[in-house]
Each structure stands twice: as structure tokens, then as C-alpha cells.
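Given next are the chains, with one letter for each unit.
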Amino acid sequence: MIIESIPLSSHLSITLVDQTRHYFGGYYHVKVLAYCDIPLEQNYFENGEDFGDAVAKMGTSVRFERVLEKMAVPESAIASIRSQLTQDFRKTATAYLSAEEFAPRFVRSEYQKCVKKNPHIRSPRA
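As the structure is a computational prediction, the values presented were derived from the model and not from experiment.

J.: So what exactly am I meant to see when it comes to the overall build of the protein chain here?
T.: Each helix and strand counted, the protein chain has three helices and five strands in total. Of the regular secondary structure in the protein chain, the N- to C-terminal order runs β-β-β-β-α-β-α-α. Whereas a compact globule of 126 residues would reach a radius of gyration of roughly 14 Å, the protein chain reaches 18 Å, over 25% beyond that. Taken along the three principal axes of its C-alpha coordinates, the protein chain extends 60 × 30 × 20 Å.

Here it is as C-alpha cells:
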């Protein structure tokens, strides 16, 4: 269930999804998934070849995600713990996620990870 969507910039937003599950007895694993799908843009790359290679390997967007969680929460405290987790996330993460350089830096970083994992399938340079 989507808790909320937090606008970051003109074209990005973070979606918070409640993934709370029963843990044991009367206790729960309170879990909130925070994610943002970031579209690949050509200006994030040094050249058109890298952009094309990134799209071929990763698709048209990459996902930033963080899991916010607390284990063994009594049922009566679920709402307050979920609220605390999301408030803490807003305080710590939204500033750097909203920064202008976040999206291009994150996309390039994910591309470099992809290249390092699979160097043998990297597109040849002309």
C-alpha cells in the first residue's frame, strides 16, 4: 500500500510503500520501501555511446531504493513506528535526493556498477 509520494524536483518523486508483515506472536516487522525511478538522460553521460550502452544494459530508468524497517514491533505501535521511520527518512534523505546533482550522479554510479559486473558484454567503442 502506498503511504505517500514526496516530490523532489521538477520530474522526480519518492514513493513510500508500506510492506509491514506479521513477525511472530503479537509482533510485526514494520517495513517501508522508499523508491524513486530515475530516467536516464543523455546529458548524464559524457557521450552518446555511453548513454546508448547504459540504456541497452539498464533500460530507460534506474531505481533508487531504501528500506526503512524495525523488527519486533507490537501491533499497538505499528502506526507510530511507521511514522517515525518516514519522518526520519524525510529529515535525512530528502535534502540529498533533492540536490540537482543527485540524479546524474546516481545514474552514472549505477551504470559503472553494471559495467564492472559485466565487462565482457560492454558495447565496443568505435
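J.: Sorry, what's going on with the pattern of salt bridges here?
T.: Pairing between side chains of opposite charge can happen when their charged atoms approach one another. Scanning the model with the defined rule gives six salt bridges in all. For Asp 18, the salt bridge is made with Arg 82, and the minimal N-O distance between the two is 3.1 Å. Of this pair, Asp 18 sits in strand 2 (residues 13-18) while Arg 82 is found in helix 2 (residues 78-98), placing the two residues 64 residues apart along the sequence. The exposure classification of Asp 18 matches that of Arg 82, with both residues buried.

J.: Which parts of the structure should I look at to understand the packing of helix 1 (residues 48-58) against helix 3 (residues 102-117)?
T.: To describe two helices that pack against each other, one gives the angle between their axes and the distance between the axes. Contact geometry of helix 1 with helix 3 gives a least axis separation of 10 Å together with a crossing angle of 70°. Our classification of the angle between helix 1 and helix 3 gives roughly perpendicular. In this structure, helix 1 uses Asp 50, Asp 53, Ala 54, Lys 57 and Met 58 to contact helix 3, whose residues at the interface are Val 107, Glu 110, Tyr 111, Cys 114 and Val 115. A breakdown of the residues in the contact of helix 1 with helix 3 according to their chemical character gives six nonpolar, no polar and four charged.

J.: Help me understand the nonpolar core in this model?
T.: Among soluble globular proteins, nonpolar side chains are generally buried collectively. If you look at the biggest cluster of nonpolar residues, it comprises 35 residues, and the most contacted ones within it are Ile 14, Ile 38, Leu 40, Phe 45, Phe 64, Phe 89 and Leu 97. Where this core is concerned, the elements lending two or more residues are strand 2, strand 4 (27-39), helix 1, strand 5 (61-74), helix 2 and helix 3. Broken down by element, the residue count for this core peaks at seven residues, all from helix 3.

J.: Explanation requested: the packing of aromatic side chains in the structure shown.
T.: Describing an aromatic ring pair means giving the distance of the ring centres and the angle of the ring planes. Applying the stated criterion across every chain yields a total of eight aromatic pairs. For the ring pair Phe 102 and Phe 106, a centre distance of 5.6 Å and an interplane angle of 20° mean the geometry is stacked. Here the residue Phe 102 and the residue Phe 106 both occupy positions in helix 3, the gap between them amounting to four residues, near one helical turn. Residue Phe 102 is classed as buried on the basis of its relative accessible area of 10%. Aromatic rings pair up to connect Phe 64, Tyr 96, Phe 102 and Phe 106 into one cluster. In this structure, Arg 63 packs its charged tip against the face of Tyr 35, placed 3.9 Å from the ring centre.

J.: Where do I start with the side chain of Thr 20 in this structure?
T.: Tracing the backbone through its elements, the reader meets Thr 20 in the loop between strand 2 and strand 3 (21-24). At a separation of 2.6 Å, a polar atom in the side chain of Thr 20 contacts the side chain of Asp 18. When residues no more than four places from it in sequence are discounted, the contact partners of Thr 20 are Tyr 28, His 29, Val 30, Lys 31, Ile 78 and Arg 82.

J.: Before we go on, may I ask you to explain the confidence of the model for the protein chain in this structure?
T.: Atom-level detail of predicted coordinates should not be read off regions where pLDDT is low. Across the protein chain, the average pLDDT comes to 90, with 93% of residues at 70 or higher. No element of the protein chain has a lower mean pLDDT than helix 3, which averages 92, and none a higher one than strand 4, which averages 97. Taken as a whole, residues 121-126 scores under 50 in pLDDT and shows 12 contacts with residues more than four places along the chain or in a different chain.

J.: Can you help me understand helix 3 in this one?
T.: Residues spaced three or four apart along an α-helix face the same direction, because each turn holds 3.6 residues. The terminal C-alpha atoms of helix 3 lie 22 Å apart, and with 16 residues this matches the ideal 22 Å at 1.5 Å per residue to within 8%. Looking at helix 3, one finds that the buried residues are Phe 102, Ala 103, Pro 104, Phe 106, Val 107, Tyr 111, Cys 114 and Val 115.

Reading the values: the criteria
One numbering rule holds for all chains: residues counted from 1, following each sequence as written. Totals for whole chains, interfaces and linings use every residue, but because this is a predicted model, local features are given only for residues with pLDDT of at least 70 and side-chain atom pairs only at 80 or more, for both listing and counting. Excluded from the side-chain calculation are hydrogens and water; included are all heavy atoms of the structure. Under the DSSP-based scheme used, a helix requires at least four consecutive residues in state H or I and a strand at least two consecutive residues in state E, with every element numbered from the N terminus. Two things to know: the radius of gyration comes from C-alpha atoms, and the globule rule equals 2.2 Å times the number of residues to the power 0.38. Salt bridges are identified by distance alone: a Lys or Arg side-chain nitrogen within 4 Å of an Asp or Glu carboxyl oxygen. Working definition: with a 1.4 Å probe on protein chains only, accessible area under 20% of the residue-type maximum means buried, over 50% means exposed, and in between means partly exposed. Here, axes are lines fitted to C-alpha atoms. For helices the fit covers the stretch in contact, and angles between N-to-C directions go from 0 to 180 degrees. Oblique is the label for any angle not under 35 degrees, not over 145, and not in the 65 to 115 range, which are roughly parallel, roughly antiparallel and roughly perpendicular in turn. We call two residues in contact when some of their heavy atoms are within 4.5 Å. Each residue gets one label: Ala, Val, Leu, Ile, Met, Phe, Trp, Tyr, Cys and Pro are nonpolar, Asp, Glu, Lys and Arg are charged, and the others, such as Gly, are polar. Put simply, buried Ala, Val, Leu, Ile, Met, Phe, Trp, Tyr and Cys residues joined by side-chain atoms within 4.5 Å make one nonpolar core. A pair of aromatic rings is counted whenever rings of Phe, Tyr or Trp (Trp by its six-membered ring) have centres within 6.5 Å, and the orientation is called stacked for planes under 30 degrees apart, edge-to-face for over 60 and tilted otherwise. Lysine NZ or arginine CZ positioned within 6 Å of the ring centre and within 35 degrees of the ring normal marks a charge as sitting over the ring. Polar contacts, as used here, are pairs of N or O atoms within 3.5 Å; protein pairs need one atom able to donate a hydrogen and one able to accept it. Residues neighboring in sequence count only if both atoms are side-chain atoms. The pLDDT value tells you how sure the predictor is about a given residue, anywhere from 0 up to 100. Given a helix with a known number of residues, its expected span is that number minus one, times 1.5 Å.

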